[in-house]
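# Secondary and tertiary structure notes
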Number of protein chains: 2
Amino acid sequence: MSPLDFVPLAPNEQNAIGVLGGLGPYAGLDLVRALFDETLASHDQEHLPVTLISYPGQIPDRSPWIAAPEESPSPVLPMVEILRRLDGVGCSVAGIPCNTAHAPVLFDQLRDALELEGRSMQLLHIVDTIVDLIRERVPDAQTIGVLATTSSIENRLHEIGLEAAGMDAVVPDAAVQAEVQASIFDDTWGLKAKSNPPTPKARAVLLNAAAHLREQGAEAVILGCTELPLAVPEPEADGLPLINSTRALARALIRATHPAKLRPLADSLAAARPVASPI
Amino acid sequence: MSPLDFVPLAPNEQNAIGVLGGLGPYAGLDLVRALFDETLASHDQEHLPVTLISYPGQIPDRSPWIAAPEESPSPVLPMVEILRRLDGVGCSVAGIPCNTAHAPVLFDQLRDALELEGRSMQLLHIVDTIVDLIRERVPDAQTIGVLATTSSIENRLHEIGLEAAGMDAVVPDAAVQAEVQASIFDDTWGLKAKSNPPTPKARAVLLNAAAHLREQGAEAVILGCTELPLAVPEPEADGLPLINSTRALARALIRATHPAKLRPLADSLAAARPVASPI
């Protein structure tokens, strides 16, 4: 045995932030970037401890399994295994940069597994963090638009959370929703296939869908799939506030572990990245 | 014990790529992005398994310790501890996105610790990967410029590797080197303090330094600090090939684990990201 064995990291590294990535890979990366961007730090050593595990190969797409669990491969066990590993490297809180995976039929099993195994790592729910960010950014808004996968829309994932907080949701009509879904999953121009940079078509579809929701009364629009901010990173479109679910999750993860390091929201919005792919 | 206990990931996830990040945080993120960009994949599930551990709080700056180990806090033990954790989550190969940390006085201790502890995880040396990329991109080049931290320049880190491969190195004169060092470490405009987006000044200093090396005969220039590509992501400047040390390491990590998934170099260069911060 080497004399280097068993030298532990100091205690503050036990308060690390875990990211269950790979859903998709670039969305996981975007959450890590958001964690760094939302942290008050001017030297390397002031940044927070973060672990990203991005093992996409064995995590099937969430949507088909949520729709028909008996007919599709399950993402539950691989996701639980990655959460265990995040817990094992010292993470005290974790987030999943995939809105769709927060459907109760899936997310509840993940939380239950952590609890059954007696693990102390806390798992945040992305919709809770989105609702908190809406309340902070647009406290008077009543009607909120939702852009998300068809799976999330059909399950009313965000709608239920908004209604519980006293707000109303509006969602795209079927034709626009089909376009939003394609902007994520289309094999040639969707964000799962091309996100660095995203295609102009994906971006155009999403901006059009946001305008469509505004016409139905939306006072703000949730980018309720973590792929969407890859194409639309800016905090508003023609004055309509866009609620970035990745940023919402990042801010909540920092608040849960190192609240004094959280960048003020106004600074964060002012510094939001320029458009990734100008049309 | 829960019935979910001890369900392992399938074997291919044991061949994951580890990233010892936090040196600095954005450079670690840039390596993960490079790993995704350099992979042939059009669906989430086709991407490679990657773990990033970014725990910067306890990893002191490498340069002062390398210069005077008895007077500065050591980065060795925290880095070893992170390598252990990468090994523990199933990584078969790992990279360190920090050129300076590859000085023999530091890097050799890391490799020795892995070997002493009997760990099978392979640790690549970034200079080896840079030399390989030079040989692939500009096989006839004889004189190579080096942009790096003053620590790496003083230790001749890249020079020694270039000479071993039969090439000659040119480095900046003292005044230009001081500017390059400031572009990394300056508290107000350096890349450690501001890299998303980088400041125009940091970018201008680096482009000027590359031109300065070309005047001394450089046929290509190594961006030999992983912070530098954050300000200069493009593959060439005015026709002068820029050798991105982060991309070099990413391609070598993929080649070491999943060679059939490595994107052809020509495609990679053609798709290089646009300038992050136009001047």
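The shown structure was predicted, so the numbers you read here are calculated from the model rather than taken from an experiment.

Basis of the calculations
Residues numbered from 1 in each chain as written. Chains lettered and ligands numbered in written order. Predicted model: local features only at pLDDT ≥ 70, side-chain atom pairs only at ≥ 80, totals over all residues. Heavy atoms only, no water. Helix = DSSP H or I, 4+ residues; strand = E, 2+ residues; numbered from the N terminus. Rg over C-alpha atoms; globule rule 2.2 N^0.38 Å. Buried < 20%, exposed > 50% of the residue type's maximum accessible area, 1.4 Å probe, protein only. Contact = heavy atoms within 4.5 Å. Areas by Shrake-Rupley, 256 points an atom, 1.4 Å probe, with all protein chains shown as cover. Lys, Arg positive; Asp, Glu negative; His and termini not counted. Charge placed at Lys NZ, Arg CZ, Asp CG, Glu CD. pLDDT = per-residue confidence, 0-100. Pairing = 2+ DSSP bridges. Axes fitted to C-alpha atoms, helices over the stretch in contact; angles between N-to-C directions. 1 Å grid on protein atoms, 1.4 Å probe; cavity = no way out; pocket = protein on both sides within 12 Å on 5 of 7 lines; lining within 4 Å. Points joined across faces, edges and corners; volume = space filled by probe spheres on them. Nonpolar A, V, L, I, M, F, W, Y, C, P; charged D, E, K, R; others polar. Core = buried A, V, L, I, M, F, W, Y, C linked by side-chain atoms within 4.5 Å. Expected span 1.5 Å × (residues − 1). Arc of directions from axis to C-beta. Left-handed = near helix turned anticlockwise from the far one by under 90°. Domains from an automatic or database assignment. Buried area = accessible area lost by both parts, 1.4 Å probe. Salt bridge = Lys/Arg side-chain N within 4 Å of Asp/Glu carboxyl O. Polar contact = N/O pair within 3.5 Å; in protein donor to acceptor, adjacent residues only side chain to side chain.

## Notes on the overall build of chain A
Helix and strand content of chain A: 12 helices and 9 strands. Taking 19 Å as the expected radius of gyration for a compact globule of 279 residues, we find that chain A reaches 19 Å, a close match to that expectation. When the backbone C-alpha atoms are referred to their principal axes, chain A occupies close to 65 × 50 × 40 Å. With 279 residues in all, chain A has 62% of them scored as buried. Looking at chain A alone, contacts between residues at least 24 apart form 74% of all its contacts between residues at least 6 apart. Total accessible area on chain A stands at roughly 10100 Å², and carbon and sulfur atoms take up 55% of it. Of the charged side chains in chain A, 20 are positive and 35 negative; the average position of the first set lies 5 Å away from that of the second.

## Focus: the confidence of the model for chain A
Residues and elements named next belong to chain A. Model confidence for chain A is summarised by a mean pLDDT of 91, while 92% of its residues fall at 70 or above. Contacts for the low-pLDDT stretch residues 275–279, under 50 throughout, to residues beyond four places or in other chains number 13 contacts. ipTM for the predicted complex: 0.92, alongside a pTM of 0.92.

## Details of the sheet that holds strand β6 (residues 168–170) of chain B
Residue and element names in this part refer to chain B. Strands sit in the order β6-β5-β7-β9-β8 across an open sheet of 5 strands; the sheet is mixed. In the strand order of this sheet, the two ends are held by β6 and β8 (236–237), each with one partner. When strand β5 (residues 143–147) meets strand β7 (residues 220–223), the two strands line up parallel, connected through 4 bridges. Looking across to β7, one finds that leucine 147 is bridged to leucine 223. Sheet contacts for helix α5 (residues 126–137): β5, β7 and β9 (240–244); angle to β9, the most-contacted strand, approximately 150°. Docked against the sheet, helix α11 (residues 245–257) engages β7 and β9, running at close to 55° with respect to β9.

## Describing the layout of surface pockets
There is about 650 Å³ of room inside the second largest pocket. Counting residues per element, the ones that place at least two in the lining of the second largest pocket are α1 (25–37), α5 (126–137), β9 (240–244), α11 (245–257) and α12 (265–270) of chain A together with α1 (25–37) of chain B. When residues of the lining of the second largest pocket are assigned to their parent elements, the largest contribution, 4 residues, is made by α12 of chain A. Counted by class, the lining of the second largest pocket contains 19 nonpolar, 9 polar and 13 charged residues.

## Some remarks on empty space enclosed by the protein
Residue and element names in this part refer to chain B. A full pass over the atoms with the stated rule returns 6 cavities of 30 Å³ or more. There is about 180 Å³ of room inside the largest cavity. In this structure, the largest cavity is lined by 17 residues; those nearest its centre are Pro233, Pro235, Asn244, Arg247 and Leu269. Those elements that provide at least two residues to the lining of the largest cavity are α5, β9, α11 and α12 (265–270).

## Comments concerning the nonpolar core
Of all hydrophobic cores here, the largest spans 129 residues; its most connected members are Leu35, Ile134 and Leu147 of chain A together with Leu35, Ile134 and Leu147 of chain B. Contacts of leucine 35 of chain A, omitting those with residues within four sequence positions, involve Ile17, Val19, Val50, Ala250, Leu253 and Ile254 of chain A. Ranked by size, the runner-up nonpolar core spans 56 residues in total, among them Ile53 of chain A together with Ala16, Leu23 and Ala101 of chain B.

## A look at helix α8 (residues 174–185) of chain B
Residue and element names in this part refer to chain B. Taking 1.5 Å as the rise per residue, α8 with 12 residues should run 16 Å; its terminal C-alpha atoms sit 16 Å apart, in good agreement. Looking at α8, one finds that the buried residues are Val176, Gln177, Val180, Ser183 and Ile184. Looking down the long axis of α8, one finds its buried residues gathered within 115° of arc, a one-sided arrangement. Looking at α8, the residues exposed on the side facing more than 90 degrees away from the buried face are Ala174 and Ala175. Where α8 is buried, its residues contact β5, α6 (150–154), α9 (200–215) and α10 (228–231).

## A word on the side chain of serine 268 of chain B
You can see serine 268 of chain B is positioned in helix α12. Not counting the four nearest positions on each side in its chain, serine 268 of chain B is found in contact with Glu38, Arg251 and Arg263 of chain B.

## As for the sheet that holds β9 of chain A
Residue and element names in this part refer to chain A. With mixed pairing, the 5 strands of this open sheet are ordered in space as β6-β5-β7-β9-β8. The open sheet has two edge strands, β6 (168–170) and β8 (236–237), and neither has a second partner. With 3 bridges connecting them, strand β7 (residues 220–223) and β9 associate as parallel partners. Directly across from leucine 223, in β9, lies its bridge partner asparagine 244.

## What about the packing of helix α8 (residues 174–185) of chain A against helix α9 (residues 200–215) of chain A?
Residue and element names in this part refer to chain A. At a minimum axis distance of 9 Å, the contact between α8 and α9 shows a crossing angle of 145°. Note that α8 runs across α9; the crossing there is left-handed. Judged by residue contacts, Val176, Glu179, Val180 and Ser183 of α8 engage Ala202, Val205, Leu206, Asn208, Ala209 and His212 from α9. Along the lines of polarity and charge, the residues of the contact of α8 with α9 split into 6 nonpolar, 3 polar and 1 charged.

## Some remarks on the domain arrangement of chain A
Residues and elements named next belong to chain A. Per the domain assignment, the segments making up chain A are domain 1 (16–125 + 251–259) and domain 2 (126–245). Of note, the centres of domain 1 and domain 2, computed from C-alpha atoms alone, are 20 Å apart. Contacts between domain 1 and domain 2 engage 21 residues on the former and 23 residues on the latter. For the domain 1 face of the interface with domain 2, the top three residues by lost area are Tyr26, Asn99 and His125, together amounting to 40%. Connecting domain 1 to domain 2 are 2 salt bridges. Here glutamate 136 makes a salt bridge to arginine 255, at a shortest N to O gap of 3.5 Å. The interface formed by domain 1 and domain 2 holds 11 residue pairs in polar contact (both at pLDDT 80 or more) in total. Elements with a minimum of two residues in the side of domain 1 that touches domain 2: α1, α2 (62–67) and α11.

## Quick notes on the side chain of aspartate 37 of chain A
With respect to the secondary-structure elements, aspartate 37 of chain A resides in helix α1. A distance of 2.4 Å separates polar atoms of two side chains, one belonging to aspartate 37 of chain A and the other to tyrosine 26 of chain B. Discounting chain neighbours no more than four positions away, the residues touching aspartate 37 of chain A are Arg247 and Arg263 of chain A together with Tyr26 and Asn196 of chain B.

## A few points about the pattern of salt bridges
Residues and elements named next belong to chain A. By the definition in use, this model includes 33 salt bridges over all chains. Notably, a salt bridge pairs glutamate 38 with arginine 247, separated by 3.0 Å at the nearest N-O pair. Of the two residues, glutamate 38 is situated in the loop between α1 and β2 (50–54) and arginine 247 in helix α11; the sequence distance between them amounts to 209 residues. Just as glutamate 38 is buried, arginine 247 falls in that class too.

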